[in-house]
Amino acid sequence: MSFFLNQPALSSSSVDPVKLKLAEIQYDALASTLEVVQKQCSIKCVPLDYGEPDLNKGEATCTDRCVSKFMMANRIIGAVAQQRGLDERDLRHIEQIKRDYLSGRPEDS
Amino acid sequence: MDQLNYKEQQEFQKIVEQKQMNDFMRLYTNLVDRCFNDCVNDFTSSKLSGREETCLNKCAEKFLKHSERVGSRFQEQNQMLMNQMRGNN
């Protein structure tokens, strides 16, 4: 993705909708990743009883490590996905399911 | 986003502003979700008990501090990754 974004601007005054869309997709990916880390690390690091409104030392340390490990896990899975050639075609079955349900007749078979 | 030209950056800024509103609302919804789930479990009254209120206050503050911390760590890790990628190009 960065390959496309790294190209020097040919004209500094025109808006390239493709580049803009790519930037938007990158933003969305980052925002949803952040949301997942926040959720997962709060489940794993902050226990359900709220004795005090501050994060204690243990919770803070756990959170730091959790984010770090999440990012590493993300990279490992990214490498697996890349190696396996995971792409939009892997979502085809979802498209099929969506089509079936939106047309009002779920698959009988 | 230093790869976008000036005009594109302006356009992108507009898109991001809209999205940030959504992101904020989602964070807020998650906050209420988590704290309601953890703090409010007794339905013998339609009013919040003192204990539940205290719990909600502490929970909200703690959850926000946690999100903030995750945000800054996330930012750091991401920056490191970006620098590595730039170094490899």
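Worth saying up front: this structure is predicted, and the values here are computed from it rather than measured.

(A) Geometry of the state of the cysteines. All told, the structure shown has four disulfides over all chains when counted by the stated rule. Through a disulfide, Cys41(A) is tied to Cys66(A); the S-S separation comes to 1.9 Å. Its S-S torsion of about -85° marks the bond between Cys41(A) and Cys66(A) as left-handed, since a negative value means left-handed. Of the two residues, Cys41(A) is situated in helix H2 (residues 17-45) and Cys66(A) in helix H3 (residues 57-84); the sequence distance between them amounts to 25 residues. Neither residue differs from the other here; Cys41(A) and Cys66(A) are each classed as buried. A sulfur-sulfur separation of 2.0 Å characterises the disulfide bridge that pairs Cys39(B) with Cys55(B). Because the torsion about its S-S bond is -70°, the bridge between Cys39(B) and Cys55(B) counts as left-handed.

(B) Quick peek at the confidence of the model for chain A. Taken as a whole, chain A shows an average pLDDT of 82; of its residues, 83% reach a score of 70 or greater. The secondary-structure element of chain A with the lowest mean pLDDT is helix H1 (residues 2-5) of chain A, recorded at 55, while H3(A) shows the highest, at 92.

(C) Representation of the packing of aromatic side chains. The tally for this structure, following the rule as stated, stands at one aromatic pair over all chains. With a centroid separation of 6.5 Å and 45° between ring planes, the pair formed by Phe36(B) and Phe43(B) is classed as tilted.

(D) How the structure looks around the interface of chain A and chain B. Taken residue by residue, the interface counts 45 residues in chain A and 41 residues in chain B. Summed over both partners, the interface of chain A with chain B comes to about 3,900 Å²; 60% of that surface belongs to carbon and sulfur atoms. Per-residue buried area on chain A facing chain B is highest for Tyr27(A), Tyr50(A) and Pro53(A); these three make up 18% of the total on that side. At the junction of chain A and chain B, the tally comes to eight salt bridges. With its nearest N and O atoms 2.3 Å apart, the salt bridge here joins Lys65(B) to Asp54(A). Counting across the chain A and chain B interface gives 21 residue pairs in polar contact (both at pLDDT 80 or more). At the level of secondary structure, the elements contributing two or more residues to the side of chain A that touches chain B comprise H1, H2 and H3 of chain A. Ranked by residue count, the leading element in the side of chain A that touches chain B is H2(A), at 18 residues. Looking at the side of chain A that touches chain B residue by residue, the class counts come to 21 nonpolar, 13 polar and eleven charged.

Cut-offs applied
Residues numbered from 1 in each chain as written. Chains lettered and ligands numbered in written order. Predicted model: local features only at pLDDT ≥ 70, side-chain atom pairs only at ≥ 80, totals over all residues. Heavy atoms only, no water. Disulfide = S-S within 2.5 Å. Helix = DSSP H or I, 4+ residues; strand = E, 2+ residues; numbered from the N terminus. Buried < 20%, exposed > 50% of the residue type's maximum accessible area, 1.4 Å probe, protein only. pLDDT = per-residue confidence, 0-100. Phe/Tyr/Trp six-rings, centres within 6.5 Å; stacked < 30°, edge-to-face > 60°. Contact = heavy atoms within 4.5 Å. Buried area = accessible area lost by both parts, 1.4 Å probe. Salt bridge = Lys/Arg side-chain N within 4 Å of Asp/Glu carboxyl O. Polar contact = N/O pair within 3.5 Å; in protein donor to acceptor, adjacent residues only side chain to side chain. Nonpolar A, V, L, I, M, F, W, Y, C, P; charged D, E, K, R; others polar.

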